[in-house]
Amino acid sequence: MKRFWAIVLRSILIVSIVALFPFILRSSKMEEKGIVTYVDGRVSKKNPQLINWVRVPQNSDVIAGDRVRTYQRSRAEIELMGLDIIRLAPETIIDIIKLYEESKEKVQETILKVEKGDLWANLSKKQKGIKFRLDTPIAGAAITGTKFRLSVATDSTTEFRVYTGAVVVSNVPEKTGLKPMEIGKPYRIEGPHEVPGPREVTLEEWAYIVREMQKIKIGRKGQVLATGDFSLQDSDEQTNWVKWNMERDKLLKRDEKN
């Protein structure tokens, strides 16, 4: 009798696993998608399999390989993974290069590139084994738990403004071993020196830690034009774009409490 019930229970367990497997698989795949949670105006996306841009309605998916763009008088919000939110201002184009993709080192990597326009990011604190990077045509930023905005002009001039947390902004790949410098502190630029791999670090290469209420502006040739502090009372912080994002962030906090 005991053996009979053991066989029955084992059969039920096997059937349950088989029945639930598609949902488990779908759940793991869902983590590799972003959801367009807000659309105002005209928003489109394009992936390598498509020739033309297609309209993006609210609650649609975006995946690695997609390019997303907004047009005049248009905005969009994308939820990447629960607590990671990015927003696109009018006339902005981003490339979703990787989206929580596991590397050979078993690290989940997300890489976005802003081709042009303005982007606001409200990102959760990253645990060990998760990397989030945001690139522009001339620089990149390693992201932890941060709220910041990024502007990329048509000539690729780039500006980062950090509201909370910190980002490491650089014009060189992460693996060069270049030590980031602090904004507002005296810093002596090292001369060219050998680093692991078949390359040298040159005088034109740099990395900065941009902390809370600090900014950095980078010229179209990759040179640092300005660094320093900023205030919420600055005229640049009184735009409709900034105020709208601040309001959206307040809604996020309310949702988290509820």
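So, a few notes on the structure that sits alongside this text.

## Digging into the overall build of the protein
Assigned secondary structure in the protein consists of two helices and 20 strands. Taking all 258 residues of the protein together, the buried fraction comes to 40%. Partitioning the intrachain contacts of the protein with sequence separation of at least 6 by distance along the chain shows that 52% fall at a separation of at least 24. For the protein, the exposed area adds up to about 15500 Å²; of that, 55% sits on carbon and sulfur atoms.

## A word on the pattern of salt bridges
Evaluation of the coordinates by the stated rule reveals 17 salt bridges. A salt bridge links Asp 61 to Lys 33, with the shortest nitrogen-to-oxygen separation between them at 3.5 Å. Of this pair, Asp 61 sits in strand β4 (residues 61-63) while Lys 33 sits in strand β1 (residues 33-40); the two residues are 28 residues apart in sequence, bridging distant segments of the chain. Put simply, Glu 77, Arg 87, Lys 147, Arg 248 and Asp 249 are held in one network by salt bridges that share partners.

## Digging into the side chain of Lys 45
Along the chain, Lys 45 turns up in strand β2 (residues 43-46). As a buried residue without a salt bridge, Lys 45 has its nearest oppositely charged side chain in Asp 66, at a separation of 4.2 Å. One polar contact links the side chain of Lys 45 to the main-chain carbonyl oxygen of Asp 61, over a distance of 2.7 Å. Residue contacts for Lys 45: discarding those within four places in its chain leaves Asn 52, Trp 53, Val 54, Val 56, Asp 61, Val 62, Asp 66, Arg 67 and Val 68.

## Some points on the nonpolar core
Among the nonpolar cores identified, the biggest contains 39 residues, and Ile 78, Ile 86, Ile 94, Phe 148, Val 169 and Ile 216 are the most heavily contacted of them. Of the residues forming this core, the biggest block, five residues, is contributed by strand β9 (residues 108-123). Tyr 38, Ala 89, Trp 120 and Phe 230 belong to the second largest nonpolar core, which has eight residues in total.

## Focus on the pairing of strand β13 (residues 158-164)
In regular strands, side chains alternate between the two faces of the sheet. In terms of burial, β13 is a largely internal element, six of the seven residues being buried. Relative to β13, strand β12 (residues 146-152) runs antiparallel, the two being bridged by six bridges. The residue bridging Val 152 from the neighbouring strand is Thr 158, located in β13. One ladder, built from five bridges, connects β13 with strand β19 (residues 214-218); its direction is antiparallel. When the sheet's bridge partners are listed, Val 162 is paired in β19 with Gln 214.

Procedures and definitions
- Residues numbered from 1 in each chain as written.
- Predicted model: local features only at pLDDT ≥ 70, side-chain atom pairs only at ≥ 80, totals over all residues.
- Heavy atoms only, no water.
- Helix = DSSP H or I, 4+ residues; strand = E, 2+ residues; numbered from the N terminus.
- Buried < 20%, exposed > 50% of the residue type's maximum accessible area, 1.4 Å probe, protein only.
- Contact = heavy atoms within 4.5 Å.
- Areas by Shrake-Rupley, 256 points an atom, 1.4 Å probe, with all protein chains shown as cover.
- Salt bridge = Lys/Arg side-chain N within 4 Å of Asp/Glu carboxyl O.
- Lys, Arg positive; Asp, Glu negative; His and termini not counted.
- Polar contact = N/O pair within 3.5 Å; in protein donor to acceptor, adjacent residues only side chain to side chain.
- Core = buried A, V, L, I, M, F, W, Y, C linked by side-chain atoms within 4.5 Å.
- Pairing = 2+ DSSP bridges.

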